[in-house]
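# Descriptive structure summary
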Amino acid sequence: MPHSEATPVVGPEERRPRVLIVDSSTGGAEVCADVLTRWGYEVWIASTFEEAMDRVGQSEFDVAIVELRLPEGAGYRLIESLRALWPDLPIIATAHIPSVGSVAKAFKVGAHDYLGKPYSAAEIRVRIDEALRLKSLRQQEQSLLKVMNEKAARIATIFSTLVWKLRPDGPPLRLEDDVQSLRNLSNELADLSAKLVRLRSARRRWREMDIDSPHDAGCGALGPQEQLE
């Protein structure tokens, strides 16, 4: 079950963003979960690999926050497992005093972002919101590519029909409708291509953007001992 309930800050037909926090420091995780819940997220907590996989079996998550130094190196194994189950799930890795090697390994096994500990709820909120925006842009891009492929296939079909009609022993030529369809589809494909370029540019900007942490009162504002250690 979720960590706690709160009045959602989304519309009645929308589901609150669902966040999984996997950290051996359950006390700090609970503090940040309380604040994130008040901000409108649905937060689930796990402290071990086994608990995290059990949570994943119960619900689908929008973002996962995984401590690298779970017992017996389970943080990396968990990231790999989550990536295998949910290829598009944004995963944020966290650790105390990480080495360059540990961060590189986290990205190699499937993390898409990293945040050093201790962190406040305000800091993790920035990373969660960025991950959700990037995920939305990826989904829009995938939908756009699907439509573009369908239109390209339609163009290929019409072109093949035109070639068949233009053969020496073909039927009497009535090409106006086919030619007009090709023009319309080509224009639509050009518009979609431009939109795809804009989406990819926006996604690249989000990845490169250095977003300042919000000034809302979070667990960082409640005192250093209430940060996620």
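Let me sum up the structure you'll find in this document. This is a predicted model, so every value here is computed, not measured.

Rules used throughout
Residues numbered from 1 in each chain as written. Predicted model: local features only at pLDDT ≥ 70, side-chain atom pairs only at ≥ 80, totals over all residues. Heavy atoms only, no water. Helix = DSSP H or I, 4+ residues; strand = E, 2+ residues; numbered from the N terminus. Buried < 20%, exposed > 50% of the residue type's maximum accessible area, 1.4 Å probe, protein only. Contact = heavy atoms within 4.5 Å. Areas by Shrake-Rupley, 256 points an atom, 1.4 Å probe, with all protein chains shown as cover. Pairing = 2+ DSSP bridges. Axes fitted to C-alpha atoms, helices over the stretch in contact; angles between N-to-C directions. Core = buried A, V, L, I, M, F, W, Y, C linked by side-chain atoms within 4.5 Å. Expected span 1.5 Å × (residues − 1). Arc of directions from axis to C-beta. Parallel < 35°, antiparallel > 145°, perpendicular 65-115°, else oblique. Left-handed = near helix turned anticlockwise from the far one by under 90°. Nonpolar A, V, L, I, M, F, W, Y, C, P; charged D, E, K, R; others polar.

### Describing the overall build of the chain
The helix and strand inventory of the chain stands at 6 helices and 5 strands. Its helices and strands taken in sequence order, the chain reads β-α-β-α-β-α-β-α-β-α-α from the N to the C terminus. The proportion of buried residues among the 229 residues of the chain is 42%. Sequence-distant contacts in the chain: of pairs separated by 6 or more residues, those separated by 24 or more amount to 71%. Total accessible area on the chain is roughly 12600 Å²; 53% of this is exposed by carbon and sulfur atoms.

### Things to note about the side chain of Lys135
Mapping Lys135 onto the fold places it in helix α5 (residues 121–165). In this view, Lys135 contacts Phe61, Asp62, Asp88 and Pro90; residues no more than four positions away in its chain are not counted.

### Quick look at unusual backbone geometry
A cis amide bond links Lys117 with the next residue in sequence, Pro118, at an omega value of 0°. As for its placement among the helices and strands, Pro118 is situated in the loop between β5 (113–117) and α5.

### Structural notes on the sheet that holds strand β1 (residues 18–22)
The strand order β2-β1-β3-β4-β5 describes an open sheet built from 5 strands, whose pairing is parallel. Where the open sheet ends on each side, the last strands, each with one partner, are β2 (42–46) and β5. When the angles between neighbouring strand axes are averaged without regard to direction, this sheet yields 20°. Two elements, β1 and β2, share 5 bridges in a ladder whose sense is parallel. Bridge assignment links Leu20 to a residue of β2, and that residue is Trp44. With respect to the sheet, helix α2 (residues 49–58) is in contact with β1 and β2, its orientation differing from that of β2 by roughly 145°.

### Examining the nonpolar core
The nonpolar side chains of a soluble globular protein tend to be buried with one another. Among the nonpolar cores identified, the biggest contains 26 residues, and Val22, Val66, Leu78, Ile79 and Leu82 are the most heavily contacted of them. Put simply, the parts of the chain that give this core at least two residues each are β1, β2, α2, β3 (63–67), α3 (74–85), β4 (91–96) and α4 (100–109). Residue contributions to this core peak at 5 residues, all from α3. Tyr41, Ile45, Ile65 and Ala122 belong to the second largest nonpolar core, which has 21 residues in total.

### Some words on α3
The terminal C-alpha atoms of α3 lie 16 Å apart, and with 12 residues this matches the ideal 16 Å at 1.5 Å per residue to within 8%. Burial in α3 covers these residues: Ala74, Gly75, Tyr76, Leu78, Ile79 and Leu82.

### Examining α2
Listed as buried for α2 are Phe49, Ala52, Arg55 and Val56. Down the axis of α2, the buried set is contained in an arc of 125°. They therefore lie on one face. In α2, the exposed residues that point more than 90 degrees away from the buried face are Glu50 and Gly57. Tucked inside the fold, the buried residues of α2 contact β1, β2 and α3.

### A closer look at the packing of helix α1 (residues 26–38) against α5
Interaxial distance between α1 and α5 falls to 10 Å at its minimum, and their mutual angle equals 60°. Classified by the angle their axes make, α1 and α5 are oblique. Note that α1 runs across α5; the crossing there is right-handed. From α1, Cys32, Val35 and Leu36 reach across to α5, where they touch Ala121, Ile124, Arg125 and Ile128. In terms of residue class, the contact of α1 with α5 is built from 6 nonpolar, no polar and 1 charged.

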